[in-house]
Amino acid sequence: MLVTNFRYDARTCERVVFDPYASPDGFRRNKDSDGESLPSSIHSNDPARNGSNAALTNEPRTPSELDVDNVHFNDVSVSFFEDGEYIFPHENEELDVDDSEFEVKIHLQRGADQTEGMETLGEEDAIIGDLQEKGCTCDDDEEKSFTRSGLHKKATVDEAVDDQFFIISKSRLQALAMETCSSCPVCSKEVMPTISAANGSAAHVNWICPEGHRKMFCTQEVIGKSHTGDIRFASAILLSGNNFEKISLLAKFARLNMITSPTFSKLQANYAIPAVEEQWRDVQAQTLAKHSLSSDGVVVCGDARNDSPGHCSQFCTYTFIENDTKDILHVGFVDKRQTAMKSPNMEIRGFKDGLKAMEDSGLVVKEVVTDAHSSIAKYMRESKPQIKHSWDIWHGSKNLAKKLTKASSRAATRPLLYWVKHIIRHFWHCAQTCGGNVNLFKAKWRGLTHHVTNSHAWVSALDHGPTVCEHGEVEDREEWLRPGDPAHMALNGVCYEKKLLDNMKYYVNFRHTSILESLHNHILMYASKRFSFQYPAYRARNLLAVLDYMFHKERPVITDEDGKPKLVAVWSKHAKDWVPVKRKVPKTYNYIESIMRDIFVRRASDDQPMFRPAVLGSDDPRRIRPNLAPLARPPMEEILRRFDSRHSQHGDEVD
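The structure presented is a predicted model; accordingly, all values stated were derived computationally and were not measured. (Residues numbered from 1 in each chain as written. Predicted model: local features only at pLDDT ≥ 70, side-chain atom pairs only at ≥ 80, totals over all residues. Heavy atoms only, no water.)

A.B. asks: What should I look at first to understand the overall build of the protein in this one?
C.D. replies: Along the protein, the regular secondary structure elements total 18 helices and 21 strands. Here the protein holds 655 residues, and the buried ones make up 42% of them. Summarising the internal contacts of the protein: among those between residues at least 6 apart in sequence, 64% fall at separations of at least 24. Surface accessibility of the protein: about 36,900 Å² in total, with carbon and sulfur atoms responsible for 50%. (Helix = DSSP H or I, 4+ residues; strand = E, 2+ residues; numbered from the N terminus. Buried < 20%, exposed > 50% of the residue type's maximum accessible area, 1.4 Å probe, protein only. Contact = heavy atoms within 4.5 Å. Areas by Shrake-Rupley, 256 points an atom, 1.4 Å probe, with all protein chains shown as cover.)

Now the structure itself:
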């Protein structure tokens with residue numbers, strides 16, 4: 001521990017007492033006073049107070065020399081000490097002292113009455129201490145930056161980004177320390193290295209000889225007063241979509257030193273999340289600039305995703321994707337508190353905000369593709385009639401399949417069940433081949449009810465469209481329906497439903513949002529619906545999934561020696577059969593190092609304490625209400641009174 005004491009008079013700036021135990025060889029004489037900060041040399045009756053050229057002394061005053069009762073009001077105790085990786089100038093302020101005899105930052109240590117109400121810095125603040133240049137004999141003869149105690153080496157951003165980490169056992173690290181330094185270079189006596197944890201993923205090595213000479217070493221560099229391994233560890237948890245509690249449990253089982261939850265939260269909130277947001281803004285700006293040059297307009301597909309599997313959602317993610325290039329144009333987030341605590345209203349809110357944001361950015365939207373959301377359909381019909389509104393063919397066929405399955409649930413209509421998947425395929429065929437003509441769509445669709453009865457030519461009351469099936473010869477089969485039987489009548493009831501016929505105009509352009517469905521499923525890797533997150537973390541995790549998609553959506557397919565794509569058989573729960581799937585080259589995640597570099601830069605340039613109070617963003621829904629509870633939490637005594645004696649005696653356990 002490095003202890004430095006000064007006597008400072010606010011009127012005369014006199015008398016400085018240096019550390020008498022400092023040694024230029026890197027070892028320190030371990031005195032009893034090294035365990036705590038030495039008392040400041042305050043003595044209001046010191047005759048040197050009245051002189052302007054007080055002599056410097058290297059002898060600290062003992063407590064008996066201090067006249068505490070007569071301390072002048074302007075005498076201020078100036079003291080700091082460095083212990084291992086922490087330096088504690090509690091609630092200090094810097095003074096500029098013009099003295100050529102010494103160059104040191106002086107910190108005022110205020111009394112208890114002056115620090116009342118101020119925040120106390122704890123160990124989790126990871127304050128490493130002032131850094132100074134210290135010569136280090138290296139192969140490249142470059143100057144390295146160390147703390148005053150020589151414990152920590154300051155790393156540059158490039159060094160922190162390129163550094164690698166290895167797992168080493170405590171016994172092997174201690175053996176390595178013995179090989180490195182087995183005797184004291186000052187007194188040549190044997191030293192015994194000790195290993196201690198550093199409140200994180202790093203370890204500290206201490207060499208102490210019987211005479212008290214001491215040398216220290218840390219297994220990680222520091223950047224911005226934090227260990228580089230801690231920063232990378234916390235960032236990697238977020239960037240890989242993992243959960244801190246599960247990783248912490250893994251480290252506990254593996255007996256790995258691990259950062260604490262408060263440290264992870266602060267590193268995530270102050271550096272990792274802003275870096276992810278910045279990366280997304282850059283990608284989005286490039287994407288919008290690319291598509292804003294299109295004078296014909298763009299076709300955008302939109303879909304919503306809620307953060308929970310049920311109807312108790314708190315967050316809604318609304319995503320817009322360009323139909324042709326499959327580029328993500330906009331990702332919006334809506335909180336339940338922004339819609340008067342009504343979850344069903346979050347999707348229409350996200351749609352409106354996203355469409356407005358794209359138009360404000362200069363995009364010309366000529367067509368919007370969504371699911372069959374009634375509120376969105378009404379908004380587009382009344383407020384955006386100049387924009388073509390299409391519905392997703394996948395959602396339409398899915399809803400149609402549900403109706404057909406329900407219609408075939410009775411014993412009399414059971415034969416219809418065989419035709420369900422064939423009817424869905426015909427629905428897709430009609431939308432794909434109608435060429436945007438709704439009448440042609442309907443004409444093709446009406447032929448379905450004749451085909452299932454093995455009648456492939458019919459008389460149509462419509463003046464347009466085919467009156468014969470477009471397929472060739474078909475095999476005779478037992479599954480043909482009889483005209484007029486219950487199964488055929490049930491099919492007619494579904495196919496000729498007025499609402500379905502009226503909505504066919506939304507499917508004539510044959511648009512689908514299957515890519516968005518896949519993306520929303522991929523978000524589960526980063527933001528599972530089984531875990532709850534605060535708004536900034538939930539937003540960042542969704543953006544990470546979008547970045548993952550954007551950087552890997554054009555991955556090529558793996559081919560064999562003949563240039564044919566490699567296929568793998570996958571069981572499809574939807575098709576209830578094995579289907580071939582093309583294999584793509586593995587992901588590279590090249591963008592992660594760019595985000596990691598930004599995180600290190602933000603930590604290195606941050607001049608504020610890491611454990612500072614959180615500042616809510618302008619769009620953070622916690623500004624509306626701190627939590628979802630409509631009422632403030634009452635005292636526990638009042639809560640217990642509301643329950644019966646069984647609950648009041650045992651209480652509800654919370655894990």
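Read on for the rest.
A.B. asks: Quick question: what am I supposed to make of the sheet that holds strand 18 (residues 365–370) here?
C.D. replies: For sheets, the rule is that strands pair by backbone hydrogen bonds, running either parallel or antiparallel. On the basis of which strands lie adjacent, the open sheet formed by five strands has the order 17-16-15-18-19 and mixed pairing. Every interior strand has two partners, whereas the edge strands, strand 17 (328–335) and strand 19 (388–391), have only one. Pairwise comparison of adjacent strand axes, ignoring direction, gives a mean angle of 20° for this sheet. Sheet strands in contact with helix 5 (residues 261–291) are strand 15 (298–306), strand 16 (315–322) and strand 17, and its direction is about 130° off that of strand 17. This element, helix 15 (residues 535–552), spans strand 15, strand 16 and strand 17 of the sheet and lies at about 160° to strand 17. (Pairing = 2+ DSSP bridges. Axes fitted to C-alpha atoms, helices over the stretch in contact; angles between N-to-C directions.)

A.B. asks: Can you help me understand the side chain of Asp606 in this one?
C.D. replies: For Asp606, the location among the structural elements is in the loop between helix 16 (591–605) and helix 17 (636–641). Judged by relative accessible area, which is 19%, Asp606 ranks as buried. A polar contact is formed between the side chain of Asp606 and the side chain of Tyr271, at a distance of 2.7 Å. Excluding its chain neighbours within four sequence positions, the residues that come into contact with Asp606 are Tyr271 and Arg612. (Polar contact = N/O pair within 3.5 Å; in protein donor to acceptor, adjacent residues only side chain to side chain.)

A.B. asks: So what exactly am I meant to see when it comes to the sheet that holds strand 12 (residues 214–218) here?
C.D. replies: The strand order 10-11-12 describes an open sheet built from three strands, whose pairing is antiparallel. The open sheet has two free edges, formed respectively by strand 10 (192–197) and strand 12, since each of these has just one partner strand. Ignoring strand direction, the axes of neighbouring strands in this sheet form an average angle of 20°. As paired strands, strand 11 (residues 203–208) and strand 12 are joined by five bridges and run antiparallel to one another. By the bridge assignment, Asn206 is partnered in strand 12 with Met216. Here helix 2 (residues 170–180) sits on the sheet in contact with strand 10 and strand 11, set at roughly 140° to strand 10.

A.B. asks: Help me out: how do you make sense of the state of the cysteines in this one?
C.D. replies: By definition, a disulfide is the covalent link that joins the sulfur atoms of two cysteine residues. The tally for this structure, following the rule as stated, stands at zero disulfides. Free of any disulfide, Cys209 has its nearest neighbouring cysteine sulfur in Cys187, separated by 3.7 Å. (Disulfide = S-S within 2.5 Å.)

A.B. asks: Sorry, what's going on with the packing of helix 5 against helix 15 here?
C.D. replies: Two quantities define a packed helix pair, namely the angle between the axes and the distance from one axis to the other. Running from N to C, helix 5 and helix 15 cross one another at 40°; their axes reach a closest spacing of 10 Å. By the angle between their axes, helix 5 is oblique relative to helix 15. Considering only the axes of helix 5 and helix 15, their crossing is left-handed. Contacts between helix 5 and helix 15 involve Gln268, Ile273, Val276, Glu277, Gln279, Trp280, Val283 and Thr287 on the former and, on the latter, Pro536, Ala537, Arg539, Ala540, Leu543, Leu544, Val546, Leu547, Met550 and Phe551. Classifying every residue of the contact of helix 5 with helix 15 by side-chain character gives 13 nonpolar, three polar and two charged. (Parallel < 35°, antiparallel > 145°, perpendicular 65-115°, else oblique. Left-handed = near helix turned anticlockwise from the far one by under 90°. Nonpolar A, V, L, I, M, F, W, Y, C, P; charged D, E, K, R; others polar.)

A.B. asks: Please explain the environment of Val585 as it appears in this structure.
C.D. replies: Looking at the element boundaries, Val585 is found in the loop between strand 21 (577–582) and helix 16. With 28 residues separating them along the chain, Val585 and Val557 place their C-alpha atoms 6.1 Å apart. Here Val585 is in contact with Arg555, Pro556 and Ile558, once residues within four sequence places are set aside.

A.B. asks: Even after reading the chapter, I still don't get the nonpolar core, so can you show me in this structure?
C.D. replies: Among the nonpolar cores identified, the biggest contains 56 residues, and Trp280, Ile328, Ile595, Ile599 and Phe600 are the most heavily contacted of them. Top element by residues in this core is helix 15. It accounts for 11 residues. If near-sequence neighbours (up to four positions away) are discounted, Phe600 is found in contact with Val157, Ala160, Val161, Ile223, Thr228, Ile231 and Arg232. Leu404, Trp419, Ile423 and Leu500 belong to the second largest nonpolar core, which has 33 residues in total. (Core = buried A, V, L, I, M, F, W, Y, C linked by side-chain atoms within 4.5 Å.)

A.B. asks: Would you take a moment to explain the packing of helix 8 (residues 393–407) against helix 12 (residues 486–495) for this structure?
C.D. replies: Running from N to C, helix 8 and helix 12 point in directions that differ by 155°, and their axes come no closer than 10 Å. If you check the angle between helix 8 and helix 12, you find them roughly antiparallel. Crossing of helix 8 over helix 12 shows right-handed handedness. Residue-level contacts link Leu400, Lys403, Leu404 and Ala407 of helix 8 to Ala490, Leu491 and Val494 of helix 12. Across the contact of helix 8 with helix 12, the residue classes tally to six nonpolar, no polar and one charged.

A.B. asks: Teacher, can you tell me more about the packing of aromatic side chains here?
C.D. replies: The full count for this structure, using the stated rule, is 19 aromatic pairs. Here the aromatic rings of Trp391 and Tyr507 are separated by 6.0 Å at their centres, their planes lie at 75°, and the arrangement is edge-to-face. You can see Trp391 sitting in strand 19 and its partner Tyr507 sitting in the loop between helix 13 (498–502) and helix 14 (514–522), a full 116 residues away along the chain. Residues Trp391 and Tyr507 agree in their burial class; the two are buried. What links up through ring pairs into an aromatic cluster is the set Trp391, Phe427, Phe441, Trp445, Tyr506 and Tyr507. (Phe/Tyr/Trp six-rings, centres within 6.5 Å; stacked < 30°, edge-to-face > 60°.)

A.B. asks: Just to check I follow, could you spell out helix 15 for this structure?
C.D. replies: Residue pairs spaced three or four apart in an α-helix point in one direction, given the helix's 3.6 residues per turn. An ideal rise of 1.5 Å per residue puts 26 Å on 18 residues; helix 15 measures up with 26 Å between its terminal C-alpha atoms. Here helix 15 lies mainly inside the structure; 16 of its 18 residues are buried. (Expected span 1.5 Å × (residues − 1).)

A.B. asks: Even after reading the chapter, I still don't get a nonpolar patch on the surface, so can you show me in this structure?
C.D. replies: Taken together, the side chains of Ile167, Leu250 and Leu256 present a nonpolar region at the surface, about 310 Å² in accessible area. Turning to its location among the elements, Ile167 is positioned in the loop between helix 1 (157–162) and helix 2. A relative accessible area of 73% places Ile167 in the exposed class. (Patch = residues over 30% accessible without salt bridge, like charges linked within 9 Å, V, L, I, M, F, W, Y side chains within 5 Å. Salt bridge = Lys/Arg side-chain N within 4 Å of Asp/Glu carboxyl O.)

A.B. asks: How do you make sense of the pattern of salt bridges when you look at a structure like this?
C.D. replies: Any two side chains of opposite charge can pair, on the condition that their charged atoms come close. Within this structure, the stated rule accounts for 21 salt bridges. For Arg232, the salt bridge is made with Glu593, and the minimal N-O distance between the two is 3.8 Å. Of this pair, Arg232 sits in helix 3 (residues 228–239) while Glu593 is found in helix 16, placing the two residues 361 residues apart along the sequence. A residue is classified by how much of its surface remains accessible, and Arg232, at 14% relative accessible area, is buried.

A.B. asks: Help me understand the pairing of strand 19, please; the structure alone is not making it clear to me.
C.D. replies: Where a strand is regular, its side chains alternate between the two sheet faces. Direction of pairing for strand 18 relative to strand 19: parallel, over a ladder of four bridges. Opposite Val368, over in strand 19, you have His389 as the bridge partner. A crossover links strand 18 with its parallel partner strand 19, the connecting element being helix 7 (residues 374–383), and its sense is right-handed. (Right-handed = clockwise from strand over helix to strand, strands pointing away.)

A.B. asks: Mind showing me how you'd approach unusual backbone geometry here?
C.D. replies: Keep in mind that most residues, glycine aside, have a negative phi and that most peptide bonds are trans. Of note, Ser188 is a non-glycine position whose phi angle comes to about 65°, a positive value. The backbone of Ala340 sits at a positive phi, close to 55°, despite the residue not being glycine. Note that Ala340 resides in the loop between strand 17 and helix 6 (346–360).

A.B. asks: Is there a simple way to explain the side chain of Asn323 in this structure?
C.D. replies: Mapped onto the secondary structure, Asn323 falls in the loop between strand 16 and strand 17. Assessed through its relative accessible area of 11%, Asn323 is described here as buried. Other than its neighbours up to four places away in sequence, Asn323 contacts Val299, Cys301 and Arg511.

The values reported here are purely geometric and, on their own, carry no functional implication.
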